[in-house]
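Spelled out from the first residue to the last, the chains are:
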Amino acid sequence: MTHLQKVRIPFIVKWVSSNSSWNHLKPSKSPLRGSFLPLHQNPRCYCRKKSVESEKCENLDMDSESIGRIHPVTRRKAQKSLLEYFHCTRGFRFEDAENMSRNSPHFVGKLLKKVERVERDYALNLEHSIARFLRYHPINEFEPFFESLGLEPSELDPFLPRNLMFLSDDNFLLDNYHVLCCYGIAPNKIGKIYKEAPEVFQYDNEILQSKLQVYEELGLSQSFLVKAIASRPSLLIGGVNSVFVKVFEELNTLGIEYSWIEGHLLSETSYNWSQIFDLLCLFIKIGCNKEQLGELISRHPDILFEGSGNRTFSLIGFLLKFGSTMNEIRSMFVRFPHIEVGKFLCNMRQCCLFLIDINMEVEEIQRIVRSHTVMIGSCSLKKIASLLTTLKVGKRRLRQIIEENPEELKNWVRGSRIDPLPKLPESGRYLGLQKAKIKFLLDLGFIENSNEMKRALKVFRGKGRELQERYDCFVKAGLDQNDVSRMVRAAPHILNQSKDVIEMKIDFLVNDLGYPVSSLVAFPGYVCYTLQRVKLRSSMYYWLKDQGAAEPNLALSTFVACPDKYFIKHYVNRLPGGPEFWVKLKKQLWSN
C-alpha cells in the first residue's frame, strides 16, 4: 500500500460515512473551486467530528509576542493564500478578502500553527500547504472578519455565532458592513460599532442607508456623520436621536458652524450627547447669554466635549460645595483662562489640599476659593514641603501670608524661582500688621503685653481692618459692644470667620433656629461651628422635642458643642427611630 493510500483511505471512509447527511445541508453560495468535491456540496460536511489533536489546534491562542516572531515573508505568503481563498474559493469581494487577510494577524498566526501540525511539506511549499489545509478544514470566517474590523482577539468569543461558520450564512451582516464602508467609515472603526450596536448589522435592505440619509437631510455633512457615528454608534439604533440633533441646533444658534464642531470631535471618543445638551442648558440657566456662551465654547471646546462635559460638571459642583453663587460661576466662565478645564479643576483641588495642609480654616478656604477662583485654577502650586523649605518659613506664617494676600499664590507655581522670605523682625510690613492688631485689641479692653493679648494675637488671622469688620458684624446684629468685647476675649477665634460667614450664621441662629442674638454672649463658639453641624444637630433636637423625648428651650451649646459620640449616644439613640431619622437627615442635607 502506498503512502497516498495510507493517507486517503481513512479519510474516504469517514467521507462515505457522513455522506448520508448531505441532503440536510444547505448548499454553499460560493462552492469550492479546484477540488474534487461536487460543486453543489457545502464544505462543512468534512471532518464533522474533530480529533482531540484537532480541537487543541483550533483552540491554540497566540500572544502578540508569538505573532511578532513570525517571519515577514512567511506572513505575506500566508496572507496571500488566505486572500486567494477568500476571493477565489469563497467568492468574497476583493476588497473584503484583502482586508480580512491583511488585518487579522492573530488569526493568520493560529492558521500557520495548525497548518504546521497537519501538513508534512509545510516548510517546502507554504502556499500550497495552506491552500490544501483550507480545502479540507473550513475555517470560521467570522474570526478573521471581526478581527479585521478592529476587535481584539480577546473580545471575539462573545460575538462569534454558535451555529454559523460562513459569513454568507448571515443574511445582513456583510450588506450593512458594505453600507458603512461605502459611507466612509474605515473598516477598523466598524468593530466598535458592532461591539456597541450589533443591532445595526441586522437591519434589512436599505434601512441603514435611509437612517444615514435622514441625518443628512437635517443638515449634517457626511464627513461629520462619519466621526459622530464612529464615536457614538448608538446613533444608528432606533429613530433619529433627537438630543443629538438638538445639540447641534443649539450650537448653531450660538454662531458655531458644523465644520467647527467636526474639527473638534475625536472619532476615538464616545460622546454622551444627552449630557452635553444638559450642560448647554445649565450654562443658560446660570445666566450666560448666547454671545457669551458662543464665545466661551469657541475659545474652550474642551469645556463642552472633554468627557462629554464631565469635567465641567465636576468643576461647577466643586464650586457650589464651596458656596459659590451662580453669578460667581458665570463670571468665572466668562473670564476662563487659556487652560484645559480638566487641568483647571485639578489645580483647584491641589490648591485646596495645599490650604488644608497648612491648617487653614474651612471658612477661610471658602472665601479664597470664591474670591480668587480664576487665579487658583490657573496655578499649579509647588509641593508644600518644597515650598516651606525654600521660603524658610513654617505653616503658620505661610498661612498668614495667604490670608492677608491670596494673590501671593501666583508666585509659588511650579517652575518659578522663589527666594527665602525675610525674617519677621526685618519685615516692616509684618510689624505694621501686628501693630494694627494690637491697636484693635487695646480698643477692646485688652491689657498690652498681657497673656490674654498674646494668646489673641496667636489666634487671630487677618488684617486689623478685617478684624474690625468682623467685630462690627456682631454689633450690627444687635449686641452691645461690651458684650462683643467679652465674647472676643473669651473666644478670640470667632473673629477668624469671614464677614459673610458671620452674618450668615447669625441669620440662621435668629431666623431659622429661633434663638435670640443675645444667646451668642453665653455661647460665642457657635460661630466657629459649621452650618452643616448646626443644621443636623438642631433638626435632630427639634425632632426629639416633637416626640416628647427632649427638654424644650434647651441651650444651644448643650447639643451643638458636645462631642459626636456623646450626641449620638444621648440624642440620636434616645428613641428607637432615632438612628434612621439621623441617617435621613444627613442624606437630605448632603443632597441639598
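Numbering of residues starts from 1 in every chain and runs along the sequence as written. In view of the model being predicted, local features appear only for residues whose pLDDT reaches at least 70, and side-chain atom pairs are presented and counted only at 80 or more, with totals across whole chains, interfaces and linings using the full set of residues. Heavy atoms throughout the structure, all of them, feed into the side-chain values; hydrogens and water do not.

Novice: Would you take a moment to explain the overall build of the chain for this structure?
Specialist: Numbered from the N terminus, helices here are DSSP runs of H or I no shorter than four residues, and strands are runs of E no shorter than two. Broken down by element type, the chain carries 34 helices and zero strands. Note on exposure labels: buried denotes an accessible area under 20% of the residue type's maximum, exposed denotes more than 50%, and partly exposed covers the range between, all computed with a 1.4 Å probe on protein chains only. The buried share among the 592 residues of the chain stands at 46%. Accessible surface is estimated by sampling points in the Shrake-Rupley manner with a 1.4 Å probe; for residues, cover comes only from the protein chains shown. Summing over all exposed atoms, the chain offers an accessible surface of approximately 30,900 Å²; the carbon and sulfur share of this is 52%.

Novice: Is there a simple way to explain the packing of aromatic side chains in this structure?
Specialist: Working definition: an aromatic ring pair is given by the centre-to-centre distance plus the angle between the planes. Between 30 and 60 degrees the pair is tilted, below 30 it is stacked and above 60 it is edge-to-face, where a pair is any two Phe, Tyr or Trp rings, Trp via its six-membered ring, whose centres lie within 6.5 Å. All chains considered together, the criterion is met by 26 aromatic pairs. Ring geometry for Tyr215 against Phe244: centres 5.8 Å apart, planes inclined by 85°, an arrangement best described as edge-to-face. Residue Tyr215 is found in helix α11 (residues 207-217), and its partner Phe244 is found in helix α13 (residues 242-253); the two are separated by 29 residues along the sequence. Take Tyr215: its relative accessible area is 3%, and that puts it in the buried class. Ring geometry for Trp543 versus Phe581: centroids 4.7 Å apart, planes at 15°, classification stacked. Note that Trp543 is positioned in helix α31 (residues 531-546) and Phe581 in helix α34 (residues 578-591), a separation of 38 residues in sequence.

Novice: Explain the nonpolar core here, please?
Specialist: Nonpolar side chains in soluble globular proteins generally cluster together in the buried interior. One finds Leu251 and Leu398 to be the most contacted residues of the largest nonpolar core, which totals 118 residues. Residues contacting Leu251, with those up to four places away along its chain left out, are Ile256, Ile261, Leu280, Ile297, Leu304 and Phe305. Counting residues in each nonpolar core, the second largest holds 49 residues, with Leu441, Tyr515, Cys562 and Phe567 among its members. Take the buried residues of types Ala, Val, Leu, Ile, Met, Phe, Trp, Tyr and Cys, join any two whose side-chain atoms come within 4.5 Å, and each joined set is a nonpolar core. Any pair of residues with heavy atoms lying within 4.5 Å of one another is described as a contacting pair.

Novice: Which parts of the structure should I look at to understand the pattern of salt bridges?
Specialist: Opposite charge on two side chains permits pairing when their charged atoms draw close. Here a salt bridge means any side-chain nitrogen of Lys or Arg lying within 4 Å of a carboxyl oxygen belonging to Asp or Glu. Considering all chains together, one arrives at 16 salt bridges under this definition. A salt bridge links Lys410 to Glu407; the shortest N-O distance between them is 3.1 Å. For Lys410, a relative accessible area of 43% corresponds to the partly exposed category. For Glu407, a relative accessible area of 29% corresponds to the partly exposed category. A cluster of three or more residues bridged by salt bridges with shared partners is formed by Arg533, Arg537 and Asp564.

Novice: Got a minute to help me understand the side chain of Gln79 in this structure?
Specialist: Within the secondary structure, Gln79 sits in helix α4 (residues 72-89). Not counting residues up to four positions away in its chain, the partners in contact with Gln79 are Ser101, Arg102 and Val108.

Novice: What should I look at first to understand the confidence of the model for the chain in this one?
Specialist: Detailed conclusions should not be drawn from predicted coordinates in areas where pLDDT is low. Per-residue confidence from the predictor is reported as pLDDT, a score between 0 and 100. Averaged over every residue, the pLDDT of the chain is 80; the share at 70 or more is 83%. Low pLDDT, under 50, characterises residues 1-61; the stretch is placed with 65 contacts to residues that sit more than four places away or in other chains.

Novice: Looking at this structure, I do not really get the environment of Ile418. What am I missing?
Specialist: Position of Ile418 relative to the elements: it lies in the loop between α24 (395-404) and α25 (428-443). Linking Ile418 and Thr390, residues 28 residues apart in sequence, is a C-alpha distance of 6.9 Å.

Novice: Would you take a moment to explain a nonpolar patch on the surface for this structure?
Specialist: Residues forming no salt bridge and having over 30% relative accessible area are the ones grouped into patches, like charges within 9 Å of each other and nonpolar side chains (Val, Leu, Ile, Met, Phe, Trp, Tyr) within 5 Å. A surface patch of nonpolar side chains, about 210 Å² in accessible area, is lined by Val214, Leu218 and Val240. Its place among the elements puts Val240 in the loop between α12 (222-231) and α13.

Novice: Help me understand unusual backbone geometry in this model?
Specialist: Negative phi is the rule for most residues except glycine; trans is the rule for most peptide bonds. A positive phi angle, close to 55°, is found at Ser308, a residue other than glycine. With respect to the helices, strands and loops of the structure, Ser308 is situated in the loop between α17 (302-305) and α18 (310-321). One non-glycine residue, Asn553, adopts positive backbone phi at about 55°. Mapped onto the elements, Asn553 comes out in the loop between α31 and α32 (556-560). Assessed through its relative accessible area of 73%, Asn553 is described here as exposed.

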